[in-house]
Structure formats: C-alpha cells, structure tokens
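These are the residues of each chain, in order.
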Amino acid sequence: MIDFEKAKEMIGCEKFVVVDGEVKEKISLDQTFPTNCRLELTTNEADISFIWDIKQSTKNTIRLSLHCMDEDSKLGLIRVDYNAGHINPETATDVLPECFKPHIAKKFADNEHHVHYHVPGYRQLAWALPIEDTQLKVKSVSVETLESDIIDAIYSFAETINLKTTILINPILL
C-alpha cells in the first residue's frame, strides 16, 4: 500500500515523456480545443511508469484538470482542478495528514481551484487542498486569459511532478 509520503515521493521523482517506447528530451504539443492529451511518463527506475492526463471541459471551457497517476496500479497521485467543485470527506482517520485536517468536509465551489492528493483509506483522490496552500505556481485559469493560462498551468504542473522532458506548446492559431 502506498502511503501519503510515498505518493509525494513518487510525485517528486524525475520523470520523462515516452513516445513509441523512446524517452524524449523534448516534445511539442499542439494546443487544441478542448485540450485533451495523455502522456506516458517514465523514470530512471525501469519499474515505475506514470500517466499524465490533461483535460479541458467541452462544456465549461475554463474547467481544466491535470492528473498524474501510477500507470501499473492506476492509483491517482495528484490532480489539479481549475474551475471545478469538490467536497472533501466529512471524517478523518488516523492516517489523514495534518495539512488536510483544517479542510475536513470543505466544499470547494466551482471557482475554487484545488489540488487532490492520494490519501490511503479513502476513495481515490478524495482529499483536496486549496491551490493557494500548495507549491503550484499557476493559481487560477480565467476566461480572459484562457489560452495562456492553460499553457502556464501545464508548465506549472510539469514542474510540480518533476518532468525533465522539455515541453513546447504550440498555441491555438485563430
């Protein structure tokens, strides 16, 4: 079983994008609408691989989700939700990390950006912290600056999960 500390360690390990079985130093992504991308990631440790999902809602264009999971177990490690609601669990177990305790039963409104983390003993990614309480650099995605915010959010998440492959994002051409 993976505990909270082990999940944080997995989030922080160096990762590289894999395309067709080949580790890439640099990749180029075309920004589309809606943004929807799945990247396979690997580490220097051959046994560990990850999936990074990037999803933008087709109905609510400012809703964006960035999610990293362990590929083998499909265990969610971290997910950032911009412009999406969420409710944290109402009860705390003895394994709940202290950082979540002020947020027991917290109801995140649709405009409250938040970051989900793996906490054992609960359903996947049941616990979230306000994005302001995290190290992520991009704290919001707004409609006025949507295209650049999405690009910046992707780069911020890449940094958070310690992605070493350089990502170049080609913005939408209007």
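Everything discussed here concerns the structure shown above.
Conventions we followed
Residues numbered from 1 in each chain as written. Predicted model: local features only at pLDDT ≥ 70, side-chain atom pairs only at ≥ 80, totals over all residues. Heavy atoms only, no water. Helix = DSSP H or I, 4+ residues; strand = E, 2+ residues; numbered from the N terminus. Buried < 20%, exposed > 50% of the residue type's maximum accessible area, 1.4 Å probe, protein only. Contact = heavy atoms within 4.5 Å. Salt bridge = Lys/Arg side-chain N within 4 Å of Asp/Glu carboxyl O.

### Topic: the side chain of His67
Next, step 1: Within the secondary structure layout, His67 lies in strand β6 (residues 64-70).
Next, step 2: The exposure class of His67 is buried, given its relative accessible area of 15%.
Next, step 3: Setting aside chain neighbours within four positions, we find His67 in contact with Ile51, Trp52, Asp53, Gly76, Ile78, Arg79, Leu125 and Phe157.

### Looking at the pattern of salt bridges
Next, step 1: Per the counting criterion, the structure on display carries 9 salt bridges.
Next, step 2: The shortest N-O distance in the salt bridge between Glu98 and Lys101 comes to 2.8 Å.
Next, step 3: Classification of Glu98 by relative accessible area gives exposed; the value is 56%.
Next, step 4: Judged by its relative accessible area of 33%, Lys101 falls in the partly exposed class.

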